[in-house]
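Observations on the three-dimensional arrangement
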Amino acid sequence: MNRTLILASSVVAAVVLSLLPVPVVLRTLVLFPVLILVAGWSAARLVLGTRTPGNDTADDDLRFTLPVLVALLVPLAVVLLLAVFGIPVDTPGIAIGTGAVALLLVGAAHVAAGPPTWPTGLRRTVGPLVAVLVLGGAVAGAAAMRPPVVESYAQLSLSTAVPRAVAGSTVTVPWTLTGYGSPLPEGAPEVRVAVAGQTVTPVEVTGGAVGPSTAAGAVDERRGSVSFAAPTAPGLHDVRVSVGRDPWATLVLRLEVIS
């Protein structure tokens, strides 16, 4: 009875301390090992019973490995249960859940204390069987809790071809911004123009409202245009048009300027 009270008291003390603003080092090196090791030791005693006089070496392999196995499985099972019931998976939640499991195992071990009553074969099967069930449940639970991955981005394209421009004249670049994975923002996007790496100002931007898109897999689209002054030097000029902050929403084109 004294041993049971000591174990139960250590579990309660560890849970209470985990709820206080104690240093992380104390939680890692003291609190959780207490909870996990008590649960593991109690599970081993519940399955194997007390040592039989004159047969102290019986089941020593299980007596040392079963607590380690339980110490690995209990926190995993607690985290899965917290996620299933929508409880925050944080330090207090894990500590309280692990402490509850440890107290249940301590109580069950105290009630069932005595020489082993289970057949040897059954005792040796319990550990691996429980491990397989918990690990299988962990894999299934993790797969069920994994949120679906939806790739969300915007793609910018030319609505029509850009004609040649006379040096110094106004150039208009028509564009279509198409959203994939999620709707485009309702607010008008920022439009930037750079010629030969130099930002062009001022620019005149026109753009309609967001509407449905006919592109495969697209959510919606916005059509607009940007007008700016063409370079004064004839030749081919690199022009970069960016709409919004999405890295995909950038056009790079060659503008032919004639005199």
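In this report, the structure presented in the accompanying data block is examined. (Residues numbered from 1 in each chain as written. Predicted model: local features only at pLDDT ≥ 70, side-chain atom pairs only at ≥ 80, totals over all residues. Heavy atoms only, no water.)

Our focus in this paragraph is the sheet that holds strand β2 (residues 165-166). Ordered by their spatial adjacency, five strands build an open sheet running β2-β10-β9-β4-β5, and the pairing between neighbours is mixed. Because the sheet does not close on itself, it has two edges, and the strands there are β2 and β5 (198-199). Of the pairings in the sheet, the one linking strand β4 (residues 191-195) to β5 comprises two bridges and is antiparallel in character. Each residue of the ladder has a partner; that of A194, found in β5, is T199. (Pairing = 2+ DSSP bridges. Helix = DSSP H or I, 4+ residues; strand = E, 2+ residues; numbered from the N terminus.)

The subject of this paragraph is the nonpolar core. In terms of nonpolar packing, the biggest core is built from 23 residues, with W175, L177, V193, F228, V239 and V241 touching the most fellow members. Mapped onto this core, the elements with two or more residues apiece are β1 (153-158), β3 (170-180), β4, β8 (218-229), β9 (235-243) and β10 (250-258). Leaving out residues up to four positions away in the same chain, W175 has contacts with L156, S157, S159, V191, T206, R222, R223, G224, S225, V226, V243 and L251. V22, A39, V78 and I94 belong to the second-largest nonpolar core, a separate cluster that totals 19 residues. (Core = buried A, V, L, I, M, F, W, Y, C linked by side-chain atoms within 4.5 Å. Buried < 20%, exposed > 50% of the residue type's maximum accessible area, 1.4 Å probe, protein only. Contact = heavy atoms within 4.5 Å.)

A contiguous nonpolar patch, built from V12, V16, L17, L20 and L103 and spanning about 370 Å² of accessible area, is present on the exposed surface. Sorting elements by how many residues they give to the nonpolar patch places helix α1 (residues 2-18) first, with three residues. Within the secondary structure, L20 is located in the loop between α1 and α2 (24-48). For L20, a relative accessible area of 38% corresponds to the partly exposed category. (Patch = residues over 30% accessible without salt bridge, like charges linked within 9 Å, V, L, I, M, F, W, Y side chains within 5 Å. Areas by Shrake-Rupley, 256 points an atom, 1.4 Å probe, with all protein chains shown as cover. Salt bridge = Lys/Arg side-chain N within 4 Å of Asp/Glu carboxyl O.)

Turning our attention to the environment of P92. With respect to the helices and strands, P92 occurs in helix α4 (residues 91-111). Residue classification places P92 among the partly exposed residues on the basis of a relative accessible area of 32%.

Attention now moves to the side chain of S225. Positionally, S225 belongs in strand β8. One polar contact links S225 to T206, side chain to side chain, over a distance of 2.6 Å. Apart from residues lying up to four places away in sequence, S225 is in contact with T172, V173, P174, W175, E204, V205 and T206. (Polar contact = N/O pair within 3.5 Å; in protein donor to acceptor, adjacent residues only side chain to side chain.)

What follows deals with the pattern of salt bridges. Throughout the structure, instances matching the rule amount to four salt bridges. Across the pair R192 and E190 runs a salt bridge, and its minimum N-O distance is 3.6 Å. Given the relative accessible area of 27%, R192 is considered partly exposed. Of the charged contacts in the structure, one is a salt bridge between R254 and D238, with a shortest N-O distance of 2.4 Å. In this pair, R254 sits in strand β10 while D238 sits in strand β9, placing the two residues 16 residues apart along the sequence. Taking the relative accessible area as the measure of exposure, R254 reaches 57% and is therefore exposed. For D238, a relative accessible area of 39% corresponds to the partly exposed category.

Here the focus is the pairing of β8. When you tally the buried positions in β8, you get nine out of twelve residues, the bulk of the element. Taken together, the eleven bridges between β3 and β8 define a ladder with antiparallel strand orientation. Opposite P174, over in β8, you have S225 as the bridge partner. Pairing between strand β6 (residues 204-207) and β8: four bridges, direction antiparallel. Opposite V205, over in β8, you have V226 as the bridge partner. For strand β7 (residues 211-212) and β8, the ladder comprises two bridges, and the chain directions are antiparallel. Pairing of P212 across the sheet is with D220, part of β8.

In this section: the environment of V210. Mapped onto the secondary structure, V210 falls in the loop between β6 and β7. A residue is classified by how much of its surface remains accessible, and V210, at 23% relative accessible area, is partly exposed. Sequence separation between V210 and L184 is 26 residues, and the spatial gap between their C-alpha atoms is 7.3 Å. When residues no more than four places from it in sequence are discounted, the contact partners of V210 are L184, P185, D220, E221 and R222.

Moving on: α1. If you check α1, its first and last C-alpha atoms are 24 Å apart, about what 17 residues at 1.5 Å a residue would give, namely 24 Å. Taken together, the buried positions of α1 are occupied by T4, L7, V11, A14, V15 and S18. Looking straight down α1, one finds its buried side chains confined to an arc of 100°; they lie on one side. Structural note: α1 exposes N2 and I6 on the side pointing more than 90 degrees away from its buried face. (Expected span 1.5 Å × (residues − 1). Arc of directions from axis to C-beta.)

Function cannot be read off these values alone, since they describe shape.
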